[in-house]
Amino acid sequence: HAVMGAWTSSDGSSWQRAPADQPAFHLGDGTIAFSVAAGGPGLVAVGFSYSIGGRLQARAWTSADGRTWQQANEPDAWRGAGETALSGVCALRDGEVLAVGYARPTDEQDGWAWLSRDGQQWQRAPAAGAAALGGPGRQFPAVCAAAAGGAVAVGSQTLASQARALAWTSPDGRRWRRAEVQRALGAGGVASLRAVAADGRRVVAVGIGDGHLTVYASFDGGGTWQRVRLPHSPFGNQLGDAVVIVGDQVTVLGEDDAVGTVWTGRLSPARRSG
């Protein structure tokens, strides 16, 4: 039985756990929150709950202080057939909150996007505008970030049991298109992208491919991408779980043979290297 948890800190060093007996933390047989962003009354988190031997259901929560959380209102689609999940949330520049994830009513799986002004009431990106999030196979926009010109989401697509990394961009969270370099993102056996950070038009996405950390950079808000060469060892397994851009420095938090590891690099339009 998994219970959702939340921690707060005023300095990043000392942390306090929010009370664990909140009803919003105990949904179904287990509750998991994957992502949190500034929005609504203060914070908005997304994830899912599950039933043992049953299904996943998308969930969202709001909090004013990070300690007391309320469950968001659930659109009917979140309670639909099969699995539904939200895995990434980000604050857009216009004040809206964008959440991404997937719906899998059968073996077919399509990505989806939801928007909210307050974190409580959610509206799905219209089918016509969000068609690029779906298609043959299984699409999974795992995480999102606000970038110059709108939003960018990254994740994966699985066709014929072959997983490939994929990216999408949107001017408003409602109209989506796939990145022009889909084949380049999927080259070299890249399985998936797991985290993304944006600073204006500069975007960095990290993930795993062929068992190794992979890093991609974009200098046009996610429209086109290039793979960054990394000085990691070809031995063992590495992956990237989180990434942040501060000035020209990029910091990636991940794992190297199951050991927590931090990688750092430089990012600039002139060098385009990490």
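Keep in mind the model is a prediction, meaning the values are calculated, not measured. (Residues numbered from 1 in each chain as written. Predicted model: local features only at pLDDT ≥ 70, side-chain atom pairs only at ≥ 80, totals over all residues. Heavy atoms only, no water.)

> Explain the overall build of the chain here, please?
A count of helices and strands for the chain gives one helix and 21 strands. The C-alpha atoms of the chain give 18 Å as radius of gyration, which agrees with the globular expectation for 274 residues (19 Å, within 12%). Residues counted as buried form 49% of the 274 residues belonging to the chain. Carbon and sulfur atoms make up 52% of the accessible area of the chain, which totals about 12,500 Å². Of the side chains in the chain, 24 bear a positive and 23 a negative charge, and the two mean positions are spaced by 6 Å. (Helix = DSSP H or I, 4+ residues; strand = E, 2+ residues; numbered from the N terminus. Rg over C-alpha atoms; globule rule 2.2 N^0.38 Å. Buried < 20%, exposed > 50% of the residue type's maximum accessible area, 1.4 Å probe, protein only. Areas by Shrake-Rupley, 256 points an atom, 1.4 Å probe, with all protein chains shown as cover. Lys, Arg positive; Asp, Glu negative; His and termini not counted. Charge placed at Lys NZ, Arg CZ, Asp CG, Glu CD.)

> Before we go on, may I ask you to explain the packing of aromatic side chains in this structure?
Any pair of aromatic rings gets described here by the distance separating the centres and the angle formed by the planes. For the coordinates displayed, the defined rule picks out five aromatic pairs. Where Tyr-102 meets Phe-140, the ring centres are 5.3 Å apart and the plane angle is 85 degrees; that geometry is what we call edge-to-face. Highlighted residues: Tyr-102 in strand E8 (residues 97–104) and Phe-140 in strand E11 (residues 138–147), separated in sequence by 38 residues. In this structure Phe-140 comes out as partly exposed when scored by relative accessible area, which is 26%. With a centroid separation of 5.3 Å and an interplanar angle of 85 degrees, the aromatic rings of Trp-112 and Trp-114 are classed as edge-to-face. Taking relative accessible area as the criterion, Trp-112 reaches 2% and is therefore assigned buried. Exposure remark for Trp-114: the relative accessible area of 4% places this residue in the buried category. An aromatic cluster of three or more residues is present, and its members are Trp-78, Trp-112, Trp-114 and Trp-122. (Phe/Tyr/Trp six-rings, centres within 6.5 Å; stacked < 30°, edge-to-face > 60°.)

> Just to check I follow, could you spell out the confidence of the model for the chain for this structure?
Low pLDDT means the predicted coordinates in that region are not meant to be read closely. When pLDDT is averaged along the chain, the result is 90; 92% of the residues meet or exceed 70. Within the model, pLDDT remains below 50 along residues 270–274, and this stretch shows 10 contacts once partners closer than five positions in the same chain are excluded. (pLDDT = per-residue confidence, 0-100. Contact = heavy atoms within 4.5 Å.)

> Hey, could you run me through the sheet that holds strand E12 (residues 150–159) in this one?
Two orientations exist for strands paired in a sheet by backbone hydrogen bonds: parallel and antiparallel. Taken together, four strands build an open sheet; the order of strands is E11-E12-E13-E14 and the sheet is antiparallel. The open sheet has two edge strands with one neighbour each: E11 and strand E14 (177–178). Of the pairings in the sheet, the one linking strand E13 (residues 162–170) to E14 comprises two bridges and is antiparallel in character. Considered in E14, the bridge of Trp-168 is made with Arg-178. (Pairing = 2+ DSSP bridges.)

> Looking at this model, I keep getting lost on the state of the cysteines. Mind explaining?
Working definition of a disulfide: a covalent bond connecting the sulfur atoms of two cysteines. A full pass over the atoms with the stated rule returns one disulfide. Here Cys-90 is linked by a disulfide to Cys-144, with a sulfur-sulfur distance of 2.4 Å. Given an S-S torsion of about -120 degrees, the disulfide between Cys-90 and Cys-144 has left-handed geometry. Here Cys-144 lies in strand E11 and Cys-90 lies in strand E7 (residues 83–91), a separation of 54 residues in the sequence. Neither Cys-90 nor Cys-144 differs from the other in exposure class; each is buried. (Disulfide = S-S within 2.5 Å.)

> What is the right way to read the environment of Ser-116 from this model?
Note that Ser-116 resides in strand E9 (residues 110–116). Once the C-alpha coordinates of Ser-116 and Gly-95 are considered, the two residues, 21 residues apart in sequence, prove to be 9.0 Å apart. Aside from chain neighbours lying at most four places away, what touches Ser-116 is Glu-96, Val-97, Gln-121 and Trp-122. Side-chain polar atoms of Ser-116 contact the backbone nitrogen of Gly-119, separated by 2.7 Å. A polar atom in the side chain of Ser-116 sits 2.7 Å from the backbone oxygen of Gln-121. (Polar contact = N/O pair within 3.5 Å; in protein donor to acceptor, adjacent residues only side chain to side chain.)

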